Protein chains: 2
Amino acid sequence: MELSDRKKKILAAVVEQYIKTGEPVGSKSLLEYQPMSLSSATVRNEMAELSSMGLLEQPHTSAGRIPSHKGYRYYVDNLMGRTELDEKVRKHIENAVSEKSGDADSLLSRAGEVLANITNCAAVSAATVGESAVIKRIEMVPVGTRTAMLVLLTSTGILKSKICRADSEITPSLSESFYNVTSAALVGRPLCDVNLATMQTLAASVGCDAFAMLSLLAGVTELARDASQVDVRLDGQSNLLNYVELEQNAYELMEFLRKGEPLGDIVTLNKNDLDVLIGKENKYRQLEHSSVIMARYSVKNQDGGTIGLIGPTRIDYAKLIPSVKYLTDLVGRILTKALEED
Amino acid sequence: MELSDRKKKILAAVVEQYIKTGEPVGSKSLLEYQPMSLSSATVRNEMAELSSMGLLEQPHTSAGRIPSHKGYRYYVDNLMGRTELDEKVRKHIENAVSEKSGDADSLLSRAGEVLANITNCAAVSAATVGESAVIKRIEMVPVGTRTAMLVLLTSTGILKSKICRADSEITPSLSESFYNVTSAALVGRPLCDVNLATMQTLAASVGCDAFAMLSLLAGVTELARDASQVDVRLDGQSNLLNYVELEQNAYELMEFLRKGEPLGDIVTLNKNDLDVLIGKENKYRQLEHSSVIMARYSVKNQDGGTIGLIGPTRIDYAKLIPSVKYLTDLVGRILTKALEED
DNA sequence: GTTAGCACTCGGTATATGTGAGTGCTAACT
DNA sequence: AGTTAGCACTCACATATACCGAGTGCTAAC
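What you see is a predicted model, and the numbers here were worked out from it, not measured in a lab.

A. Seen up close, the relation of the copies chain A and chain B. Note on the copies: chain A fits chain B at an RMSD of 0.1 Å, the axial shift is 0.0 Å, and the rotation between them is 180°. Here the symmetry operator amounts to a two-fold rotation axis.

Here you go:
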């Protein structure tokens, strides 16, 4: 879709004014906001054309125009000038996500928190689950006569743990055979290979302790399943309650966010460096009045994960996109550095 | 405060009708709902007295009455007949919180979920932190050349873990001295003894590895702090968005619930078998339109923790209190059984 | 002590009316 | 041909007015 320069200028002005004020933008008020050597009548004609092209919408006949999701899309793709990241915001981000912040998990937590804070939106983050992930290590730490903590570490650095109750006492000999069995049969195997069926044959092979072993191995199976699922961190959901345009469906939206699966679905859609999904572009109905901005970070030049935000469609794209981008890059750098030191 | 039988009957009817309909209750409509051999004028007189006693309120002069928080309180303490738990609900609870559900943590999670579901409120749960808790065990599982997972187990059964980055490589000799140091100096000590100052002297004592040791011990300190803090699980917050009386302050309420500390504060208030806090009785302003129902469960005849719910003041106390009670008792029984087997 | 009766209150709904920011269209003007 | 002044028209929103009805408190009679 090719637009004349004048149309571009008008569309951009409409989007920006609407983002700022939240009110439908009329031809006359547009000229106040963005003076041009044009009469309102001309603007009106142009706006009418932009409407028929599907880039602008009218809430009702005698109101001003608001951008349609296609309008936002055109703006984001072609018109938006990315504003420089505000110095204060940058400092804020850097402060929250400092290098000393230990492991990847807590770094992502921090990143989500700060993003939710500075943007007043909900923040999501998720580390990519490598399909090629193999089990690097399995540990069992007994924490009672019949309970133990199982720890599973993958080659991609994902760490999961879980308390597990065995069906009988965890004797030193059971510990030993658990160690033997897992290191012989599981370490080095891809996560998807771990399932209850293989566990059963494995457990059977140890003989007398088979029954207790099975419950432990079942725990390992659950861990492996956990480790191969995206887990999405979510922050600042309640921020979304402040937007009038979202509050009519507040409950639905919150419930949607609470459930992990659809969110996991969304972040895995983020294949590019930066993705923006506007309103109805989202495949989930619950997000039809929301926009999602997601960016990937990479660790050692490999795909690391996604950090993004969810807000109303009427959101300051020009300002927030650089924030998300800056944060993901920073997280990527920090994790890369941590990995190199390791 | 002593009330005549007739006043009691009228108060109970007002509370029950208001809980059911959500509309202020007038003298005439009350008689429809609860036929009595009285005229509406008499009811009116009684209501006026109940109002002046502070048990009923009028939203505006010419409207019906609604219970004040004192009115609810009187109802809950003196008038309410506890209804039997619905068979379906009981089955639902039992199903969700079955014995096989592993460790205490996940059991509480499940309990919170089911409670939020059946009550349509927010559910909270928290295990009591024993002040007498001492460190039972500390484990370190290396998960990288410089990172390790620290695991801390207390005598009260609380288990915490954390990833920790050491300042230098984690050599077998470091692991060994970590094991020696912690088992000699920390195991058996109460949680509150663990602080950075003592860690520094401890670290210094190991000689050459002091620096790396310190970062590990700092991790242990954090774990100990974690373990001695109540951690409150929260479920079904979004359920509260469905109540009109709460939705004006939805954002505030959600933010309040999101923050852990005030919630921790609230559950630790639950000293009795069953506590109900109604509206303004809550010390937090954010809950002035909410009621909190909390019950304790015990494990092996010792205080185990609290499970409760947060809803609007206009809530079916007679129905929900038994649900909470049943759930806590069940959880207590299951945990006791699990502990005995252990 | 109870109740019928009555004047009064007041939120909610309905109706009319005006206001103003917006529109589209046409005809005149560069 | 593109631009613009002008104009009739639209429609959400605000304000005023009236009315309804479920509620009240109070009084006087039962």
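B. Examining the protein's contact with DNA strand D more closely. As a structural note, the neighbourhood of DNA strand D is formed by 22 residues, with Arg-6, Thr-42, Thr-61 and Ser-62 of chain A together with Ser-27 of chain B the closest of them. What you see for DNA strand D is that sugar and phosphate hold 82% of its atoms within 4 Å of the protein. Between DNA strand D and Arg-6 of chain A, the relevant distance is 2.8 Å, taken from a phosphate oxygen to a side-chain nitrogen or oxygen of the residue. Here Thr-42 of chain A contributes a side-chain N or O atom positioned 2.6 Å from a phosphate oxygen of DNA strand D. Looking at the surface near DNA strand D element by element, the count peaks at four residues for helix α3 (residues 40-52) of chain A. Residue composition of the surface near DNA strand D, by class: five nonpolar, 13 polar and four charged.

C. Representation of the packing of aromatic side chains within the structure. Residue and element names in this part refer to chain A. Throughout the structure, instances matching the rule amount to four aromatic pairs over all chains. Taken together, a centroid distance of 5.1 Å and an interplanar angle of 55° make the contact between Phe-256 and Tyr-284 tilted. Of this pair, Phe-256 sits in helix α11 (residues 250-258) while Tyr-284 is found in the loop between β8 (274-278) and β9 (290-299), placing the two residues 28 residues apart along the sequence. Note on Phe-256: relative accessible area 4%, which makes it buried.

D. Structural detail: the pattern of salt bridges. Going through the model one piece at a time under the given rule, you end up with 42 salt bridges over all chains. In this structure, Glu-255 of chain B engages Arg-258 of chain B in a salt bridge whose closest nitrogen and oxygen atoms are separated by 3.0 Å. Placement of the pair is Glu-255 of chain B and Arg-258 of chain B together in helix α11 (residues 250-258), with a separation of three residues, close to one helical turn. Sharing partners across several salt bridges, the network here consists of Arg-6, Lys-7, Glu-46 and Glu-49 of chain A.

E. Expanded view of the domain arrangement of chain A. Residues and elements named next belong to chain A. Partitioning chain A into domains gives domain 1 (5-79), domain 2 (87-128 + 234-341) and domain 3 (135-227). One C-alpha centre belongs to domain 1, the other to domain 2; they are set 29 Å apart. Taken together, the ten residues of domain 1 in the interface contact twelve residues of domain 2. Summing both partners gives a buried area of about 920 Å² for domain 1 against domain 2, and 65% of it is carried by carbon and sulfur. Looking at the side of domain 1 facing domain 2, the largest losses of area belong to Ile-19, His-69 and Arg-73, adding up to 53% of the total buried there. The tally of links between domain 1 and domain 2 comes to one salt bridge.

F. Highlighting the pairing of strand β5 (residues 147-154) of chain B. Residue and element names in this part refer to chain B. Most of β5 sits inside the fold, with eight of its eight residues counted as buried. Residues Thr-147, Met-149, Val-151 and Leu-153 point to one face of β5 and Ala-148, Leu-150, Leu-152 and Thr-154 to the other, with burial holding for every one of them. For strand β4 (residues 135-142) and β5, the ladder comprises seven bridges, and the chain directions are antiparallel. Bridge pairing links Val-141 to Met-149 in β5. Hairpin connection from β4 to β5: four residues lie between these consecutive antiparallel strands.

G. Quick look at the interface of chain A and chain B. Each partner contributes residues to the interface: chain A has 30 residues there, and chain B has 30 residues. Summing both sides of the interface, chain A and chain B together bury roughly 2,800 Å²; the carbon and sulfur share of this comes to 58%. Counting the contacts that link chain A with chain B gives six residue pairs in polar contact (both at pLDDT 80 or more). Taken together, the elements giving at least two residues each to the side of chain A that touches chain B come down to β4 (135-142), β5 (147-154), β6 (159-165), α11 and α13 (317-341) of chain A. By residue number, the principal contributor to the side of chain A that touches chain B is α11 of chain A, which donates five residues. Tallied by class, residues from the side of chain A that touches chain B come to 13 nonpolar, eight polar and nine charged.

H. Here's a closer look at helix α9 (residues 210-227) of chain A. The end-to-end C-alpha distance of α9 of chain A is 25 Å, a good match for the 26 Å that 18 residues give at a rise of 1.5 Å each. Packing partners of the buried residues in α9 of chain A comprise β4, β5, β6, α7 (172-185) and α8 (196-204) of chain A.

I. Structural detail: the layout of surface pockets. Residue and element names in this part refer to chain B. Looking at the second largest pocket, its volume works out to about 360 Å³. Elements that contribute at least two residues to the lining of the second largest pocket include exactly β2 (66-67) and α4 (69-79). The residue makeup of the lining of the second largest pocket, split by class, is four nonpolar, six polar and five charged. Both domains that meet at the lining of the second largest pocket, namely domain 1 (5-79) and domain 2 (87-128 + 236-341), each give it at least three residues.

J. The sheet that holds strand β3 (residues 122-127) of chain A, seen in detail. Residues and elements named next belong to chain A. Spatially, β7-β3-β10-β9-β8 is the arrangement adopted by the five strands of the open sheet, whose pairing is antiparallel. Every interior strand has two partners, whereas the edge strands, β7 (233-235) and β8, have only one. This sheet shows a mean twist of 15° between the axes of neighbouring strands, independent of strand direction. Looking at chain direction, β3 and β7 are connected through three bridges and run antiparallel. Bridge assignment links Ala-123 to a residue of β7, and that residue is Asp-235. Helix α6 (residues 104-119) rests against β3, β7, β9 and β10 (302-312) of the sheet, and its axis sits at about 30° to β7.

K. Highlighting the protein's contact with DNA strand C. Around DNA strand C, a shell composed of 22 residues is seen, among which Ser-27 of chain A together with Arg-6, Thr-42, Thr-61 and Ser-62 of chain B lie nearest. For DNA strand C, a phosphate oxygen lies 2.9 Å from a polar atom in the side chain of Arg-65 of chain A. At 2.6 Å, a side-chain N or O of Thr-61 of chain B approaches a phosphate oxygen of DNA strand C. Of all the secondary structure elements, the ones that give two or more residues to the surface near DNA strand C are α2 (27-33) and α3 of chain A together with α3 (40-52) of chain B. Counting residues per element, the surface near DNA strand C draws most heavily on α3 of chain B, at four residues. A class-by-class count of the residues in the surface near DNA strand C yields five nonpolar, 13 polar and four charged.

L. Region of the structure containing the sheet that holds β5 of chain A. Residues and elements named next belong to chain A. Across the sheet, three strands lie side by side as β4-β5-β6; this open sheet has antiparallel pairing. Both edges of this open sheet fall to β4 and β6, since each of them pairs with a single strand only. Each adjacent strand pair in this sheet contributes to an overall mean axis angle of 20°, direction not counted. As paired strands, β5 and β6 are joined by seven bridges and run antiparallel to one another. Bridge pairing links Thr-147 to Arg-165 in β6.

Basis of the calculations
Residues numbered from 1 in each chain as written. Chains lettered and ligands numbered in written order. Predicted model: local features only at pLDDT ≥ 70, side-chain atom pairs only at ≥ 80, totals over all residues. Heavy atoms only, no water. Least-squares fit on C-alpha atoms with pLDDT ≥ 70 in both. Near = heavy atom within 4 Å. Polar contact = N/O pair within 3.5 Å; in protein donor to acceptor, adjacent residues only side chain to side chain. Helix = DSSP H or I, 4+ residues; strand = E, 2+ residues; numbered from the N terminus. Nonpolar A, V, L, I, M, F, W, Y, C, P; charged D, E, K, R; others polar. Phe/Tyr/Trp six-rings, centres within 6.5 Å; stacked < 30°, edge-to-face > 60°. Buried < 20%, exposed > 50% of the residue type's maximum accessible area, 1.4 Å probe, protein only. Salt bridge = Lys/Arg side-chain N within 4 Å of Asp/Glu carboxyl O. Domains from an automatic or database assignment. Contact = heavy atoms within 4.5 Å. Buried area = accessible area lost by both parts, 1.4 Å probe. Pairing = 2+ DSSP bridges. Expected span 1.5 Å × (residues − 1). 1 Å grid on protein atoms, 1.4 Å probe; cavity = no way out; pocket = protein on both sides within 12 Å on 5 of 7 lines; lining within 4 Å. Points joined across faces, edges and corners; volume = space filled by probe spheres on them. Axes fitted to C-alpha atoms, helices over the stretch in contact; angles between N-to-C directions.

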